[in-house]
Amino acid sequence: MQDTITSLINPADLRGKYLDNTELDKLRKYFQSGELRVKAAATISENAANIVSQAVANSLLYGDITCPGGNMYPTRRYAACLRDLTLFLRYATYAMLADDASVLDERVLDGLKETYNSLGVPVDRTIQAVQAMKEVITRQVGAEAGEQVGRHLDHICNGLS
């Protein structure tokens, strides 16, 4: 994972050049949104369990998935679902702070869809839960910060599609 700063400075250094105006503008935007991203990360950190629980309640609890024979039954499968959503939230928060989605590719998405398919985990329902998590977060942190983390949750959804 690289943050925006590293992803701009390293290539410039390899070229032996100063940052150009476009690169400096990207840094300026990154720094300007820094406080917003840090506040959002703090709110997410403090409320992570609640965010995941609300997302599951809003998307998965009321359907056949929690009944006997469903993919969130028995409780060990339900716990695995909560664990995975918590992991997605944590890494999406890291990606938001760094403004770099590569950590999601490296630590979350690499092989996840194939693993879920082999285990019979319904990918469409997982995507539904991640989208619900995005909505819960946006209500808690506000639209602008919600958009920041939402881009990375969308990246997870796209990687699972």
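In this report, we go over the structure that sits alongside the text. Quick caveat, the model's predicted, so the values are computed rather than measured. (Residues numbered from 1 in each chain as written. Predicted model: local features only at pLDDT ≥ 70, side-chain atom pairs only at ≥ 80, totals over all residues. Heavy atoms only, no water.)

### Points about the layout of surface pockets
Where empty space is left can be seen by rolling a probe of water-molecule size over the atoms.
Turning to step 1, where the next piece is worked out: Each pocket or cavity is described by its volume, and for the second largest pocket that value is around 150 Å³.
Turning to step 2, where the next piece is worked out: Taken together, Thr4, Lys26, Lys29, Tyr30, Ser33, Arg37, Asp99, Gln148 and Arg151 make up the full set of residues lining the second largest pocket.
Turning to step 3, where the next piece is worked out: Of all the elements in the fold, those that place two or more residues in the lining of the second largest pocket are helix H2 (21-32) and helix H8 (143-160).
Turning to step 4, where the next piece is worked out: In terms of residue count, H2 provides more of the lining of the second largest pocket than any other element does, three residues in total.
Turning to step 5, where the next piece is worked out: Here the lining of the second largest pocket is built from residues that sort into one nonpolar, three polar and five charged. (1 Å grid on protein atoms, 1.4 Å probe; cavity = no way out; pocket = protein on both sides within 12 Å on 5 of 7 lines; lining within 4 Å. Points joined across faces, edges and corners; volume = space filled by probe spheres on them. Helix = DSSP H or I, 4+ residues; strand = E, 2+ residues; numbered from the N terminus. Nonpolar A, V, L, I, M, F, W, Y, C, P; charged D, E, K, R; others polar.)

### Thoughts on the packing of helix H3 (residues 34-59) against H8
Turning to step 1, where the next piece is worked out: Axis separation between H3 and H8 bottoms out at 10 Å; the angle between their running directions is 80 degrees. As judged from the angle between their axes, H3 and H8 are roughly perpendicular. Of the residues in H8, those touching H3 at Leu36, Arg37, Ala40 and Ile44 are Glu144, Ala145, Gln148 and Val149.
Turning to step 2, where the next piece is worked out: Residues belonging to the contact of H3 with H8 are distributed by class as follows: five nonpolar, one polar and two charged. (Axes fitted to C-alpha atoms, helices over the stretch in contact; angles between N-to-C directions. Parallel < 35°, antiparallel > 145°, perpendicular 65-115°, else oblique. Contact = heavy atoms within 4.5 Å.)

### Considering H3
Quick reminder: α-helices carry 3.6 residues per turn. Residues three or four places apart thus point the same way.
Turning to step 1, where the next piece is worked out: In this model, H3 (26 residues) spans only 31 Å end to end at C-alpha, well below the 38 Å of a helix rising 1.5 Å per residue.
Turning to step 2, where the next piece is worked out: Taken residue by residue, H3 has Gly34, Arg37, Ala40, Ala41, Ile44, Ile51, Val52, Ala55, Val56 and Ser59 as its buried positions.
Turning to step 3, where the next piece is worked out: Where the residues of H3 are buried, they touch H2, helix H4 (75-98), helix H7 (123-141) and H8. (Expected span 1.5 Å × (residues − 1). Buried < 20%, exposed > 50% of the residue type's maximum accessible area, 1.4 Å probe, protein only.)

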